[in-house]
Amino acid sequence: LTEKSNLAGVRHILLVLSGKGGVGKSTISTELALSLRHSGKKVGILDVDLSGPSIPCMFRVQDNDVHQCDSGWVPVFVDQDKSISLMSIGFLLEKPDDAVVWRGPKKNALIKQFVADVAWGDLDFLIVDTPPGTSDEHISTVEALRPYKPLGAILVTTPQAVSVGDVRRELTFCKKTGLRVLGIVENMSGFVCPHCSECTNIFSKGGGEELAKHAGVPFLGCVPLDPQLSQSLEEGRDFIQEFPKSSAFPALTHIAQQILDGTSQRSS
Amino acid sequence: QGCPNQRLCAGGAAAATDPGEAAELRERLRAVKHTVLVLSGKGGVGKSTFSAILAHGLAADEAKQVALLDIDICGPSIPKMMGLEGEQVHQSGSGWSPVYVEENLGVMSVGFLLSSPDDAVIWRGPKKNGLIKQFLRDVDWGEIDYLIVDTPPGTSDEHLSIVQYLSAAHIDGAVIITTPQEVSLQDVRKEINFCHKVKLPVIGVVENMSGFICPKCKNESQIFPPTTGGAEKMCQNLNVSLLGKVPLDPQIGKSCDKGQSFLSEAPESPATLSYRNIIQRIQEYCDQHHFQEEKII
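Rules of the game
- Residues numbered from 1 in each chain as written.
- Chains lettered and ligands numbered in written order.
- Predicted model: local features only at pLDDT ≥ 70, side-chain atom pairs only at ≥ 80, totals over all residues.
- Heavy atoms only, no water.
- Helix = DSSP H or I, 4+ residues; strand = E, 2+ residues; numbered from the N terminus.
- Contact = heavy atoms within 4.5 Å.
- Pairing = 2+ DSSP bridges.
- Axes fitted to C-alpha atoms, helices over the stretch in contact; angles between N-to-C directions.
- Disulfide = S-S within 2.5 Å.
- Buried < 20%, exposed > 50% of the residue type's maximum accessible area, 1.4 Å probe, protein only.
- Salt bridge = Lys/Arg side-chain N within 4 Å of Asp/Glu carboxyl O.
- Right-handed = clockwise from strand over helix to strand, strands pointing away.
- Parallel < 35°, antiparallel > 145°, perpendicular 65-115°, else oblique.
- Nonpolar A, V, L, I, M, F, W, Y, C, P; charged D, E, K, R; others polar.
- Expected span 1.5 Å × (residues − 1).

### Points about the side chain of His 159 of chain B
Working step 1: With respect to the helices and strands, His 159 of chain B occurs in helix H6 (residues 157–166).
Working step 2: Beyond its immediate chain neighbours, meaning those up to four positions away, His 159 of chain B contacts Leu 39, Thr 151, Pro 152, Pro 153, Gly 154, Glu 191 and Phe 194 of chain B.

Listed below in structure tokens is the structure:
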């Protein structure tokens, strides 16, 4: 008797990667999930950042516990709607300030469990949020997900050369592991002063777009710095629902639309 | 079943240095007066930026010999930030030569060992540990006043290993970088706990990206809002020093991208003033330490 895999009901799996830390992987994962939900989709987020799990706080469910069922762990639902579910090591820590000081092999073991043992049920999209780099977590996640044929990866960068430099290496990682690149997002791309509307390119501009061109992968758009977005994430609010006029809204919803268009193209 | 050593590796035992190796490292690091680790739980808060600026700041005193070691194996930013992209490491009889930015400022990074900017280092933990050990054992640093170690984000192999290997020498302490918002602070609290766990003194915390002043209208925006009191509150709660706050300045990113010293490029920037104050506090901490050690002897 073969057990039905916990990922059997998941239609599309996509990874959010970057070589670089702090460029907005978790932010993009969160906003993508919220946008897809607003298009009527059921979404799960698997947070495989074991040292710095940001996802639970971004949905204000960091104090929730994980329960077990017959098929494994029950993911944490963000609200009564049950349209967004999450799994993260953040839920398994006794104290939130506890450092998870694990070497590679122990991290790999948990990632395998996270991929196989979470009872996601039926999902339209499973977004896998990753830590920065090209190491244990990334190798293990891609290996564990391979049998389920992920859709591909979204790569996030900020505009400046120092970030793009790391993301180039992540592109190589995708090539070497056979992971399709769905596109590049240039985050923190410009800041429009809310007082005078002057735009300042705090972290430079254009590096992500140039990289996409150079690497021959789709460019999914520029997302500006938006204090309302940062504030929303701090408070675990639904930015897409509550701030449709905010500066980052058009870019974020555009990214989600391109993902949806991509999947409907593939089905037809 | 997997590798028979997996329990050893998972427990970290395999990375423990044997007495012979520990002696070798101690010998190599004997001529290092002060070691400062630059850490954060969080990625992208400005560790490498700060490490580069600290290195330039300390090396401004030509009488001091400064070394900058980049142990971010997957994302080595330091070569670019120091204007050393494309440089290669040379071997001599006495070991690997660091790449020198100035006569008194030498740098080592895995970036110098890669032949193309697209080369990815896709290594698991044990291999990364091996390279870090080599960086400490095989690089001919010579006599150094300050060894600055730039780390990747997180609390994993690289961090455990560097603390373990450097225990053969002596670490003055760690400077921890954060940005003001809670999503960073929650990772940084974990890092501070890591420091306590491994008995690494915390010199203090730097709050980076602390506000932005619009160059046109001069109004301040909190792009990364300190919703839970920022680094100031966290430092109070955890009883660690706040070394300073550094505002956002587009020139910082530009200098890093061009591989130039921000302190020299923008001497009038409020960020420069903050950085200089922080560097001075770190120097004072290290000098006190040295003084105390001498007293004991």
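Resuming the write-up.
### A word on the sheet that holds strand E6 (residues 84–88) of chain A
All names here are of chain A.
Working step 1: The 8 strands are arranged E5-E6-E2-E7-E1-E8-E9-E12 in an open sheet whose pairing can be described as mixed. On the outer flanks of this sheet lie strand E5 (76–77) and strand E12 (219–222), each paired with one strand and no other.
Working step 2: Of the strands in this sheet, strand E8 (152–157), strand E9 (181–186) and E12 touch helix H6 (residues 207–215), which is tilted by about 155° from E9.

### Points about the state of the cysteines
Working step 1: For the structure shown, the criterion picks out 0 disulfides over all chains.
Working step 2: Free of any disulfide, Cys 57 of chain A has its nearest neighbouring cysteine sulfur in Cys 235 of chain B, separated by 19 Å.
Working step 3: Free of any disulfide, Cys 217 of chain B has its nearest cysteine sulfur in Cys 196 of chain A, 3.6 Å distant.
Working step 4: With relative accessibility at 26%, the residue Cys 217 of chain B sits in the partly exposed group.

### Quick notes on the pattern of salt bridges
Working step 1: Inspection of every chain in the model, using the stated rule, returns 19 salt bridges over all chains.
Working step 2: Across the pair Glu 143 of chain A and Arg 124 of chain B runs a salt bridge, and its minimum N-O distance is 3.6 Å. Remark: Arg 124 of chain B occurs in the loop between strand E6 (105–109) and helix H5 (125–138) and Glu 143 of chain A occurs in helix H4 (residues 136–145); the pair is interchain, linking two chains.
Working step 3: The exposure class of Glu 143 of chain A is partly exposed, given its relative accessible area of 47%.
Working step 4: Given the relative accessible area of 27%, Arg 124 of chain B is considered partly exposed.
Working step 5: Note that Glu 85 of chain B and Lys 80 of chain B form a salt bridge whose closest N and O atoms lie 2.9 Å from each other.
Working step 6: Accessibility expressed as a relative area gives 18% for Lys 80 of chain B, which makes it buried.
Working step 7: One connected set of salt bridges, linked through shared partners, spans Arg 37, Asp 79 and Asp 238 of chain A.

### Quick notes on the pairing of strand E9 (residues 202–207) of chain B
All names here are of chain B.
Working step 1: Burial within E9 is extensive, with 6 of its 6 residues counted as buried.
Working step 2: Inspection of the sheet shows strand E8 (residues 173–178) paired to E9 by 5 bridges, in the parallel sense. Bridging across to E9, Thr 178 finds its partner in Glu 207.
Working step 3: In terms of handedness, the path from E8 via helix H7 (residues 182–197) over to E9 forms a crossover that is right-handed.
Working step 4: Strand direction decides the pairing type here: E9 and strand E12 (residues 242–245), joined by 3 bridges, are parallel.

### Looking at the packing of helix H2 (residues 19–28) of chain B against H5 of chain B
Residues and elements named next belong to chain B.
Working step 1: Axis separation between H2 and H5 bottoms out at 8 Å; the angle between their running directions is 50°. Our classification of the angle between H2 and H5 gives oblique. Taken together, the residues of H5 that come into contact with H2 (itself represented by Glu 21, Glu 24, Leu 25 and Arg 28) are Lys 133, Leu 136, Arg 137 and Asp 138.
Working step 2: Looking at the contact of H2 with H5 residue by residue, the class counts come to 2 nonpolar, no polar and 6 charged.

### Focus on helix H5 (residues 161–177) of chain A
All names here are of chain A.
Working step 1: When the terminal C-alpha atoms of H5 are compared, their 24 Å separation across 17 residues agrees well with the 24 Å that a helix rising 1.5 Å per residue should span.
Working step 2: When you tally the buried positions in H5, you get 13 out of 17 residues, the bulk of the element.
Working step 3: In the segment just after H5, Gly 178 is the residue with positive phi, at about 70°.

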